[in-house]
Amino acid sequence: AQTVTQSQPEMSVQEAETVTLSCTYDTSESNYYLFWYKQPPSRQMILVIRQEAYKQQNATENRFSVNFQKAAKSFSLKISDSQLGDTAMYFCASADGNNRKLIWGLGTSLAVNP
Amino acid sequence: NAGVMQNPRHLVRRRGQEARLRCSPMKGHSHVYWYRQLPEEGLKFMVYLQKENIIDESGMPKERFSAEFPKEGPSILRIQQVVRGDSAAYFCASSARDLSNTGELFFGEGSRLTVL
């Protein structure tokens, strides 16, 4: 069975600085998707960034980028130039072998301080 | 183009009552997923439906829980004879194609069920 582990329950960063959130996963599949979702206090899940496992290039979306280490099964999220609006829970997730459902980590609560 | 709409946003039920949660997917989306989020936890998959069909219900408790996605109207997650352990946020997500093609789900704001 697939598992996703986020080892940092809480993190904080000063505004404008850079922070990295960790995620490791376990899968026996050869191809799969990995995701980072953001859940602000409004509670709606918002997709931050997506990585396809067969792509070697790390995904980037504006201030958000990932460090995808396939052999190590690591998928960390880097947030550059942190903004107050980045304060939220961040969840790492993987799509299972059938790519029909997401397996989620327990989340990292990120606080961006002014 | 409205997003995924869930209602009610908050629902309070007493033990033994029934809870019905509704989800209207984004326009043009025929794939619907229900997830449950317990306090201080990530989301747990419950069920995946396409129009009129249940594709994967491996995350759904065998008793008291059911889901449907009729040809017309919203998807319904139904919980009969609720117990306190059912208290959670229930999220619906939709996609235009299954995850293997698009890799992206669009989430609603969730329905928070409280069982007294």
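Residues numbered from 1 in each chain as written. Chains lettered and ligands numbered in written order. Predicted model: local features only at pLDDT ≥ 70, side-chain atom pairs only at ≥ 80, totals over all residues. Heavy atoms only, no water.

Looking now at the overall build of chain B. From N to C terminus, chain B includes 1 helix and 11 strands. Beginning at the N terminus, the succession of helices and strands in chain B can be written as β-β-β-β-β-β-β-β-β-α-β-β. In summary, chain B has a C-alpha radius of gyration of 13 Å against a globular reference of 13 Å for 116 residues, a match within 12%. Along the first, second and third principal axes, the C-alpha atoms of chain B reach 40 × 25 × 25 Å. For chain B, with 116 residues in total, the buried portion stands at 45%. In chain B, 53% of the contacts between residues at least 6 apart in sequence involve partners at least 24 apart. Of the accessible surface of chain B, which amounts to about 5,800 Å², a share of 44% is contributed by carbon and sulfur atoms. (Helix = DSSP H or I, 4+ residues; strand = E, 2+ residues; numbered from the N terminus. Rg over C-alpha atoms; globule rule 2.2 N^0.38 Å. Buried < 20%, exposed > 50% of the residue type's maximum accessible area, 1.4 Å probe, protein only. Contact = heavy atoms within 4.5 Å. Areas by Shrake-Rupley, 256 points an atom, 1.4 Å probe, with all protein chains shown as cover.)

Next up on the list: the interface of chain A and chain B. The partner chain B presents 25 residues to the 19 residues of chain A that form the contact. Contact between chain A and chain B buries roughly 1,900 Å² in total, counting both sides, with carbon and sulfur atoms accounting for 53%. Of all residues in chain A, Arg43, Arg100 and Lys101 of chain A bury the most surface against chain B, accounting for 30% of the area lost on that side. Summed over the shared surface of chain A and chain B, the result is 1 salt bridge. (Buried area = accessible area lost by both parts, 1.4 Å probe. Salt bridge = Lys/Arg side-chain N within 4 Å of Asp/Glu carboxyl O.)

Residue and element names in this part refer to chain B. With respect to the secondary-structure elements, Ser75 resides in strand 8 (residues 75–79). Here Trp34 takes part through its side chain, which lies 3.0 Å from a polar atom of the side chain of Ser75. A polar contact of 2.9 Å, which involves the side chain of Ser75, links it to the backbone oxygen of Glu68. Those residues within four positions of Ser75 in sequence are excluded, and the remaining contacts are Leu21, Arg22, Cys23, Val32, Trp34, Leu49, Glu68 and Phe69. (Polar contact = N/O pair within 3.5 Å; in protein donor to acceptor, adjacent residues only side chain to side chain.)

This next bit is on the pairing of strand 6 (residues 53–56) of chain B. Regular strands have side chains that alternate between both faces of the sheet. Residue and element names in this part refer to chain B. As paired strands, strand 5 (residues 43–50) and strand 6 are joined by 3 bridges and run antiparallel to one another. Its bridge partner lying in strand 6, Tyr48 is registered against Asp56. In sequence, strand 5 turns back onto strand 6 through a hairpin of 2 residues, with Glu52 there showing a positive phi of about 65 degrees. (Pairing = 2+ DSSP bridges.)

It is worth spelling out the nonpolar core at this point. Within the largest apolar cluster, 24 residues are counted, with the highest numbers of intra-cluster contacts made by Trp36, Phe75, Leu77 and Tyr90 of chain A. When contributions to this core are tallied by element, the ones reaching two or more residues are strand 3 (19–21), strand 5 (33–39), strand 6 (46–52), strand 8 (64–69), strand 9 (74–79), strand 10 (88–95) and strand 12 (108–113) of chain A. Those residues in contact with Tyr90 of chain A that sit more than four places away from it in its chain are Gln6, Leu21, Trp36, Tyr37, Lys38, Val48, Phe64, Leu77, Ile79, Gly107, Thr108 and Leu110 of chain A. With 23 residues, the next largest nonpolar core counts Cys23, Val32, Phe69 and Ile79 of chain B among its residues. (Core = buried A, V, L, I, M, F, W, Y, C linked by side-chain atoms within 4.5 Å.)

Distances and angles like these do not, on their own, reveal function.
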